[in-house]
Amino acid sequence: MTGSVLAAGAAADTPGADTVIEVRDLRMRYGDKEVLSGVDFTASAGEVVALLGPNGAGKSTTIEILEGFRLRSGGHVRVLGVDPASGDEHWRSRLGVVLQSWRDHGKWRVGELLRHLGSYYDEPWPVAELLDLVGLTASAGTVIARLSGGQRRRLDVAIGIVGRPDLLFLDEPTVGFDPEARRDFHDLIHRLTDVDSTAVLLTTHDLDEAEKLADRILILATGRIVASGSADELSRQVAGESEVRWSRDGERFVHSAADATGFVRDLFRQHGEAIGDLEVRRASLEETYMRLVRDAEGAR
Amino acid sequence: MSGRLIRIGVSRGLIEMRQTMTTPSDLIGYAFSPVLLVALLFLIRDEKVPGSDLSLGAYSLVSSMAMLLVIGSLLGMAQYLAMDREDGTLLRAKAVPNGMVGYLIGRIVLVAGTSVFTCAVALIPGAFLVDGLRFDVFTAVTLLWLAPLGLLALMPLGAVLGSFFESVRAAALLMMPTLTITGISGIFYPISALPGWLQGVGQTFPMYWLGLGLRSAFLSDEPGQLWRAVLVLSLWAVAGLVLAPGVLRRMARRESGSLVAARRERALARTI
């Protein structure tokens, strides 16, 4: 079953003209420990891709290699057509980077820092528009050290996009957020990908977040991509069985079926009008994910 | 390096200068040593340098600006670099196109500005307490070349040293060798009181020569060996400028998000 998901992913993994990330057989080892053992994927312009996996799966290592902050041990990597290990400042100006934790520039005011960092780019976002986009207009004059965790994170995103990047990296963007801040943040990312054709690569260990934000999810476990596809594709192709519930003559029934549609068709053919309360539930992404990660870790 | 980038860097330095000058705790930090120094001058205002008519207060006031410059620019630069790696400022600069250049120019402006400010806090009230300072064209001309040369000898060196420290606390350890060197650099007492070999050791460091240069600018009867000061300070400047770009580049290359996060964990673990 896993094989068919990889095959479906492979069709989308052929680099095209609008490919922004191209990774083939990416390997990374620290001493004797191999953290990435052959990662393959691509991402296209305007696409939101989530790199999902348990802690220690190599998500941050992967994103740092793509950002040009870490040298890989082996494999082929192109980001916006350039090898990140030798990316120049022009290449850098087309990327936006939001890292896991910043505490920098605590004495600066929000608007002041955005204006300053924008000045490194040729066509930065106007500060007022940017503040409006991330919902920080009221905090323009606030000293950064006094921002709340959620506000600080939105400022980080504003800084990440101030140069109108073609590709934005978000490393664990909502760690430590309360549910409301998390939802606001997700809205922000949606708005962002609506106004521009910015491609986004985000890492997360939060399944719900990957499902809400990403067009495509790559599941990274034990140093390789074990599955890729939309949330829907993943749960359809990997978990297989769906749960069908219905009632007939006041009695309730439950059945697990690989082909739920066919099963329901038969059901109606046999009993017609007598069927009520029909409910078909596909295996959740969470079940899919847990199973994939368990399989990968078991196979190691 | 483009003019635009220099402008960005300078404006960065000036913004941070304004921020630090309006932060009370920072101001106390800058003023602490000079105020202590002026208090000391008050105690020794009537004493003379042995074997001369020169007031010891005037001698110490002028020479100790060399110490303040070393603390302000060499240690200041080192501590900023350690701090900026710890809190992610440096990584942020790395994530921006040409950000490292802008960052460094900004830091040079800030460190030079705060060093000069610290000296002014000592010099202005100090000048009213001691006798025998001169302020003429020669003073101005000497300061105009000596201060930039001194900063050029100290700041790159501070940046190189700062690259080797993983935390602000570790960088603060540089204070100990600095104070030791102060003791053998003729800052509070003429170096001639020391054994010959120790004088030689003191004369290899920039602090002695900065002090000598400052004395020749402000004290009329201090025998000048200015060409030697120029020579030694220039050597330190060249050494620093040759070493700094490579060391800084190497340090910057190794910065990554997970490193900053790891340092943050350590810093938090210490405070708990």
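Residues numbered from 1 in each chain as written. Chains lettered and ligands numbered in written order. Predicted model: local features only at pLDDT ≥ 70, side-chain atom pairs only at ≥ 80, totals over all residues. Heavy atoms only, no water.

Peer 1: Got a minute to help me understand the nonpolar core in this structure?
Peer 2: Side chains of a nonpolar character, in soluble globular proteins, are inclined to be buried together. Judged by nonpolar contacts, the single largest core of 71 residues is most densely connected at Leu-133, Leu-210 and Phe-218 of chain B. Tallying contributions element by element places helix α3 (residues 56–87) of chain B first for this core, with 19 residues. Dropping the residues within four chain positions of it, Phe-218 of chain B is found in contact with Val-62, Met-65, Leu-123, Gly-132, Leu-133, Arg-134, Phe-135, Thr-139 and Leu-143 of chain B. In this structure, Leu-130, Leu-155, Ala-231 and Leu-285 of chain A belong to the second largest nonpolar core, which totals 56 residues. (Core = buried A, V, L, I, M, F, W, Y, C linked by side-chain atoms within 4.5 Å. Buried < 20%, exposed > 50% of the residue type's maximum accessible area, 1.4 Å probe, protein only. Helix = DSSP H or I, 4+ residues; strand = E, 2+ residues; numbered from the N terminus. Contact = heavy atoms within 4.5 Å.)

Peer 1: How should I be thinking about the UniProt feature "transmembrane region" (unreviewed entry) in chain B in this particular structure?
Peer 2: Residue and element names in this part refer to chain B. Following the UniProt record, one finds the feature "transmembrane region" (unreviewed entry) at residues 27–44, 56–83, 104–130, 142–165, 172–191 and 226–248. Structurally, residues 104–130 is divided into 96% helix and 0% strand, and its ends, taken at the C-alpha atoms, are 38 Å apart. Counting secondary structure, residues 226–248 comes out at 100% helix and 0% strand; the distance between its end C-alpha atoms is 32 Å. (UniProt positions renumbered as here; feature names shortened; annotations may be inferred.)

Peer 1: Even after reading the chapter, I still don't get the packing of α3 of chain B against helix α10 (residues 206–218) of chain B, so can you show me in this structure?
Peer 2: The axes of two packed helices give the description: the angle between them and the distance between them. All names here are of chain B. The interhelical angle for the contact between α3 and α10, taken along N-to-C directions, is 140 degrees, at an axis separation of 8 Å. Viewed along their axes, α3 and α10 adopt a mutual orientation that is oblique. Like other packed secondary-structure pairs, α3 and α10 cross with a definite hand, here right-handed. Every residue of α10 that contacts α3 at Tyr-59, Val-62, Ser-63, Met-65, Ala-66, Met-67, Leu-69 and Val-70 is listed here: Met-207, Leu-210, Gly-211, Leu-214, Arg-215 and Phe-218. In terms of residue class, the contact of α3 with α10 is built from eleven nonpolar, two polar and one charged. (Axes fitted to C-alpha atoms, helices over the stretch in contact; angles between N-to-C directions. Parallel < 35°, antiparallel > 145°, perpendicular 65-115°, else oblique. Left-handed = near helix turned anticlockwise from the far one by under 90°. Nonpolar A, V, L, I, M, F, W, Y, C, P; charged D, E, K, R; others polar.)

Peer 1: Is there a simple way to explain the interface of chain B and chain A in this structure?
Peer 2: Interfaces are often sized by the accessible area lost when the parts come together. Tallying the contact residues gives 34 residues for chain B and 25 residues for chain A. Across the interface of chain B and chain A, roughly 2,800 Å² is buried in total on both sides, 53% from carbon and sulfur atoms. Run the count over chain B and chain A and you get five salt bridges. Residue Arg-18 of chain B pairs with Glu-112 of chain A through a salt bridge whose shortest N-O separation is 2.6 Å. The tally of links between chain B and chain A comes to 18 residue pairs in polar contact (both at pLDDT 80 or more). Looking at the side of chain B that touches chain A, the elements that each hand over two or more residues are α1 (3–21), α3, α4 (89–95), α5 (99–129) and α12 (257–271) of chain B. Tallying contributions element by element places α1 of chain B first for the side of chain B that touches chain A, with ten residues. Residue classes in the side of chain B that touches chain A are distributed as ten nonpolar, twelve polar and twelve charged. (Buried area = accessible area lost by both parts, 1.4 Å probe. Salt bridge = Lys/Arg side-chain N within 4 Å of Asp/Glu carboxyl O. Polar contact = N/O pair within 3.5 Å; in protein donor to acceptor, adjacent residues only side chain to side chain.)

Peer 1: I would appreciate a short explanation of helix α10 (residues 260–271) of chain A in the present structure.
Peer 2: In an α-helix, one turn spans 3.6 residues, which is why side chains three or four residues apart end up on the same side. Residue and element names in this part refer to chain A. Here α10 is twelve residues long and its end C-alpha atoms lie 16 Å apart, about the 16 Å a rise of 1.5 Å per residue gives. The inward-facing, buried residues of α10 abut β10 (242–248), β11 (251–257) and β12 (275–282). Backbone geometry just downstream of α10 places Gly-272 in the positive-phi region, at approximately 50 degrees. (Expected span 1.5 Å × (residues − 1).)

Peer 1: Is there a simple way to think about a negative patch on the surface in this case?
Peer 2: Judged by side-chain charge, Asp-178, Glu-180, Asp-184 and Asp-187 of chain A come together as a negatively charged surface patch. Looking at the element boundaries, Asp-178 of chain A is found in the loop between β6 (167–171) and α7 (179–195). (Patch = residues over 30% accessible without salt bridge, like charges linked within 9 Å, V, L, I, M, F, W, Y side chains within 5 Å. Areas by Shrake-Rupley, 256 points an atom, 1.4 Å probe, with all protein chains shown as cover. Lys, Arg positive; Asp, Glu negative; His and termini not counted. Charge placed at Lys NZ, Arg CZ, Asp CG, Glu CD.)

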